[in-house]
Amino acid sequence: MIEVLNLCKTFHDRKKGDIAAVSNVSFTCSPGRVFGLLGRNGAGKTTTLRMLATILYPTSGTARIDGIDVNENPGEVRKRIGYLSGDTKLYDRLTGRELLTYFGELAGMSPASIAGRIAELQVSFQLADFLDKRVGRMSTGMKQRLSLCRVVLHDPPVLIFDEPTSGLDVMGAREVLRIVLDLKSKGRTIIFSTHIMTEAERICDEIAIIERGSILAKGSVDSLRQSNGGGSLEDVFVSTVDKVFREEAARGEPVRP
Amino acid sequence: MRSRAWSVCRKELRDALRDSRTIIAVFVVPLVLYPGIMLLMGWIESQNKKDEGAMQVRVGLVGEAQLPGLVPALKSMEGVTTVSLDRVPPNLESAGVDAVLSIPSGIAQSIPRGDSVKVELLYKDADHKSSAAEKKLRPALDEVRRELTVLWARSHGAPVAQAPAVAVETRDVSSKAEEGRFMAAFIIPYILVFMVAAGTMHLAIDATTGEKERSTLETLLATPTPRRDLVLGKVLAVIATALAAGLVGIFGLWFNFTVLAGLMPALSSQSVQLTIRPDQAFFILLTILPTAIFLSAALVALGCFARSMREGQTYATYVYMAAVVLGLISFRQLGAPPMERFMIPILNTALLQREILTDTVVPMHAAVALGTSAVVAAIMFVIATRLFSNESVLFRT
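On a predicted model such as this, the values are computed, not experimentally measured, just so you know.

Enquirer: Just checking my understanding: could you explain the overall build of chain B for this structure?
Expert: Helices and strands together make up the secondary structure of chain B, namely 15 helices and 5 strands. The C-alpha atoms of chain B give a radius of gyration of 29 Å, which is well past the 21 Å a tight globule of 397 residues would have. Taken along its principal axes, the extent of the C-alpha atoms in chain B is 100 × 60 × 45 Å. Across the 397 residues of chain B, 46% fall into the buried class. The long-range fraction of contacts in chain B, counting pairs at least 24 apart against all pairs at least 6 apart in sequence, stands at 74%. Surface accessibility of chain B: about 19,500 Å² in total, with carbon and sulfur atoms responsible for 65%.

Enquirer: What exactly am I supposed to notice about the confidence of the model for chain A here?
Expert: The predicted coordinates of low-pLDDT regions are not to be read in fine detail. Considering every residue of chain A, the mean pLDDT works out to 91; 98% of them sit at 70 or more. Across chain A, the secondary-structure element scoring lowest on mean pLDDT is helix H9 (residues 233-250) of chain A, at 86, and the one scoring highest is strand S5 (residues 68-69) of chain A, at 96.

Enquirer: What am I meant to see in the pairing of strand S4 (residues 118-123) of chain B here?
Expert: Walk down a regular strand and you will see the side chains alternate between the two sheet faces. Residue and element names in this part refer to chain B. Among the 6 residues that make up S4, 5 are buried, leaving the element largely enclosed by the rest of the structure. Relative to S4, strand S3 (residues 99-102) runs antiparallel, the two sharing 3 bridges. Paired with Leu101 across the strands is Leu121, a residue of S4. By the bridge criterion, 6 bridges tie S4 to strand S5 (residues 167-172) in an arrangement that is parallel. Counterpart to Leu122 in the pairing with S5 is Arg171.

Enquirer: What am I meant to see in the sheet that holds strand S2 (residues 17-29) of chain A here?
Expert: Strands pair in a sheet through their backbones, by hydrogen bonds, and they do so in one of two ways: parallel or antiparallel. Residues and elements named next belong to chain A. Here 4 strands make up an open sheet; going across it, the order is S2-S1-S4-S5 and the pairing antiparallel. Each end of this open sheet is capped by a strand with a single partner; those strands are S2 and S5. Where strand S1 (residues 2-13) lies against S2, 9 bridges are found, and the strand directions are antiparallel. Bridge pairing links Lys9 to Val22 in S2. Each of S1, S2 and strand S4 (60-65) is contacted by helix H1 (residues 45-52), which is oriented at about 115 degrees to S1, the strand it contacts most.

Enquirer: Mind showing me how you'd approach the pattern of salt bridges here?
Expert: Two side chains that carry opposite charge are able to pair once their charged atoms sit near each other. Inspection of the entire model under this criterion finds 31 salt bridges over all chains. Arg64 of chain A is the partner of Glu3 of chain A in a salt bridge, and the nearest nitrogen-oxygen pair spans 3.8 Å. Note that Glu3 of chain A is positioned in strand S1 and Arg64 of chain A in strand S4, a separation of 61 residues in sequence. Residues Lys11 of chain B and Asp15 of chain B are paired through a salt bridge, measuring 3.8 Å at the closest nitrogen-oxygen approach.

Enquirer: Explanation requested: the pairing of strand S8 (residues 189-194) of chain A in the structure shown.
Expert: Residue and element names in this part refer to chain A. Most of S8 sits out of view: 6 of its 6 residues are buried. Side chains Thr189, Ile191 and Ser193 of S8 all project onto a buried face; the interleaved residues Ile190, Phe192 and Thr194 project onto the opposite face, where all are buried too. Bridge count for strand S3 (residues 34-39) against S8 is 5 bridges, and the pairing is parallel. By the bridge assignment for S8, Leu38 is matched with Thr194. Looking at chain direction, strand S7 (residues 158-162) and S8 are connected through 5 bridges and run parallel. What sits directly across from Leu159, in S8, is Ile190. Handedness of the crossover joining S7 and S8 through helix H6 (residues 170-185) is recorded here as right-handed.

Enquirer: Just checking my understanding: could you explain helix H13 (residues 347-357) of chain B for this structure?
Expert: Residues spaced three or four apart along an α-helix point in a common direction, a consequence of the helix completing one turn every 3.6 residues. Residues and elements named next belong to chain B. With 11 of 11 residues buried, H13 lies mostly within the body of the structure. Buried within H13 we find Leu347, Asn348, Thr349, Ala350, Leu351, Leu352, Gln353, Arg354, Glu355, Ile356 and Leu357. Next to the buried residues of H13 lie helix H7 (176-213), helix H11 (278-305), helix H12 (309-329) and helix H14 (363-389).

Enquirer: Looking at this structure, I do not really get the confidence of the model for chain B. What am I missing?
Expert: Residues and elements named next belong to chain B. Within chain B, residue pLDDT values average 83, and 93% of them lie at 70 or more. Taken element by element, chain B is modelled with least confidence in helix H10 (residues 265-270), mean pLDDT 55, and with most confidence in helix H8 (residues 217-221), mean pLDDT 90. Among the scores for the predicted complex, ipTM is 0.89 and pTM is 0.79.

Reading the values: rules and limits
Residues numbered from 1 in each chain as written. Chains lettered and ligands numbered in written order. Predicted model: local features only at pLDDT ≥ 70, side-chain atom pairs only at ≥ 80, totals over all residues. Heavy atoms only, no water. Helix = DSSP H or I, 4+ residues; strand = E, 2+ residues; numbered from the N terminus. Rg over C-alpha atoms; globule rule 2.2 N^0.38 Å. Buried < 20%, exposed > 50% of the residue type's maximum accessible area, 1.4 Å probe, protein only. Contact = heavy atoms within 4.5 Å. Areas by Shrake-Rupley, 256 points an atom, 1.4 Å probe, with all protein chains shown as cover. pLDDT = per-residue confidence, 0-100. Pairing = 2+ DSSP bridges. Axes fitted to C-alpha atoms, helices over the stretch in contact; angles between N-to-C directions. Salt bridge = Lys/Arg side-chain N within 4 Å of Asp/Glu carboxyl O. Right-handed = clockwise from strand over helix to strand, strands pointing away.

Written out as C-alpha cells, the structure is:
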C-alpha cells in the first residue's frame with residue numbers, strides 16, 4: 001500500500017532561489033494495482049518517486065509505504081521497496097550473478113536465500129544464458145531484465161518504476177510491461193511513471209497527470225477520458241497541461257513550455 | 001577543409017577556456033604550482049645548509065701535535081670540538097666522533113725527504129652530522145696544507161711557491177649498507193607517500209563520483225543499507241588498495257635494490273645497498289595505515305562532492321599534489337624534527353618512517369603522528385558520510 005499525503009519538495013538554487021519541484025501531491029495505491037504518474041520531462045515525476053524511495057527527503061508532507069512513514073523510518077521503507085529508474089545503469093565489471101548477490105547482501109539477505117532467489121528468478125526472467133556474463137557485455141534487453149530481477153530480488157511488496165522503458169526498443173519495452181503486469185497479478189503495489197500514453201493506458205489502473213510539480217487530474221483512464229469529453233489519453237493529457245499554460249499566460253507569467 | 005579544421009579548433013578552445021579545470025591546468029599550475037615547488041626545494045636546500053652550519057660536531061685528531069697551528073685553528077671554529085686519538089679508529093661511532101683528521105706520523109722527516117705525505121679527513125657522507133663536520137673542516141684542511149707547505153719550504157730553503165702539492169684529502173668511509181640506510185631514510189618515505197596517494201586516487205573517485213556518472217547511485221541509495229555503511233565499505237576498499245600500493249611499493253624497492261641489483265653485477269657496483277629489515281618494513285606498513293585511512297576518507301569525501309569523474313579526478317590530482325609537496329617538505333629536516341611537524345598528516349608519516357629506517361624512533365613522535373593521523377582520518381570519514389547523506393551534494397548539478 002502506498003499513501004502519499006501533501007508531499008512537497010523545494011530545491012534551492014543560488015540564482016533562481018527556491019524552486020518548488022513537487023507541490024502538495026497526494027494519492028494512494030493499493031496492493032495488486034498500478035498507479036501511473038503521467039507527465040512531461042521535468043514535471044516532478046522523478047522527484048516524487050525519489051521521495052517515495054527515500055532517496056530524497058520531503059520538504060513537507062509525507063508518504064507511507066506499507067504503513068511505514070518515509071520521514072520517520074526510511075531504512076524500514078527501503079526494505080519494502082524495489083526501485084528502478086529508466087536511466088539507472090548497472091556495474092559493467094560485475095557478472096549478472098555477482099551483481100544480484102551484491103544487491104541481495106545490501107538488502108540484508110542471507111547467502112542461502114540469495115542463491116535460492118537467483119535460481120528462482122533465473123527461470124522466470126530467463127537469465128540463464130547470460131547470468132554469468134559481465135554486465136558490460138550484455139545487450140540492452142539483457143541489462144533491463146537483470147535490472148528488473150534486481151528490483152524484485154528481495155521480494156518487496158511495493159515497486160517503484162520511474163520510466164523503466166526509457167531507451168528500450170519496442171520488444172524490450174513490451175517485455176518490461178509484461179513483467180510489471182505479472183508483478184501486479186502477484187499482488188504487488190506498483191507505482192509507474194511514464195510520459196508514454198500507450199504504456200499508461202495499457203498497465204495503469206489509475207493515473208495522475210502531473211505538471212509543474214502538482215497533480216492536475218487523477219482517476220482511471222476511462223474516468224479521465226469522460227471528464228475530458230472523450231478522446232484518447234493523449235488528448236486528455238494535452239488539454240490538461242495546455243490549460244495550465246493558458247492560465248499562466250493569462251496571469252502574465254513568462255512562458256515555460 | 002582548413003576553415004572547417006579552424007572552426008573545430010576554435011570550438012574546442014572556446015569550450016576548454018570556459019572550463020575552469022583547463023584554466024587551472026594550463027595557467028594556474030604552471031604559473032603557481034611548479035614555480036612554488038622549485039622555490040620550496042630551494043628553501044629546503046638553504047635551510048638544510050643553515051642547519052648543517054649550526055650543528056655541533058666532534059672531530060678526532062690523530063698526529064695533530066706535528067702541526068702546532070692546527071689545534072688552535074680548529075678550536076677557533078664555531079661548533080667544532082676536538083678530541084685527540086692515538087690512532088685512526090676502526091669506525092667513527094666507536095670513537096664517538098663525527099670525523100677523524102689523520103696526520104701520518106713522522107712528517108717532520110718525510111716532508112724534508114720529499115716522501116709523499118697524505119693527510120686524510122675521514123667522514124661519512126651517509127651521516128648528516130659527519131657530512132656537516134666535513135664541510136666545517138674544509139678551512140682547517142687548508143690550514144694543514146699551508147703548514148705542510150711551509151715545513152717543506154723551510155727544510156729545502158726554497159720559497160713556499162715552489163713547494164710541491166701536498167695531498168690533503170677527504171675520504172667517505174660510509175659502508176654500502178650505511179649509504180643504503182641513508183638513502184632509504186630519505187627516498188622510501190617520499191616514494192611511499194606517492195604510491196599510497198596514487199593507489200587511493202582512482203578507486204576513491206570511481207567508487208563515489210563513478211556511481212553518479214554511471215547512474216548507479218540511486219539504486220544504491222534505495223537499498224536498506226545505511227549510508228554510513230555504504231561509505232565505510234567504500235573507504236575500506238580504498239584503504240585496501242592504498243595498503244596494497246604501499247606493500248607492493250616496499251617490495252618493489254627491496255626487489256630492485258637488493259635482488260635485481262644482486263643479479264646484475266654492473267648495476268650492483270653502481271647502486272647502493274638499500275636495505276630494509278623485516279621489522280622496519282612491518283612498522284613502516286603500520287605507519288602507512290593512518291595515512292591510507294586519511295587519504296581514502298578525504299578522497300571519498302571529495303568524490304561524493306564532485307559532480308563528474310572529470311571533476312573528481314581534478315580534486316584527486318590536487319590531493320596528490322598536496323601529498324607531493326608534503327613529501328618534499330620531509331626532506332627539510334636534518335636532525336630531530338620539531339613536534340608540530342608530526343601533527344601534519346602525510347608529512348608526519350614520512351618523518352616517522354624516516355625515524356624507523358634510521359632506528360631513531362622517538363615514542364612521543366610516533367604517538368603524536370599516529371594519533372593525529374587517526375583523528376584527521378576520523379574527521380574525514382564523518383565528512384564523507386555526511387556528504388554521502390546530503391541530497392543537495394549527491395544530486396547537485
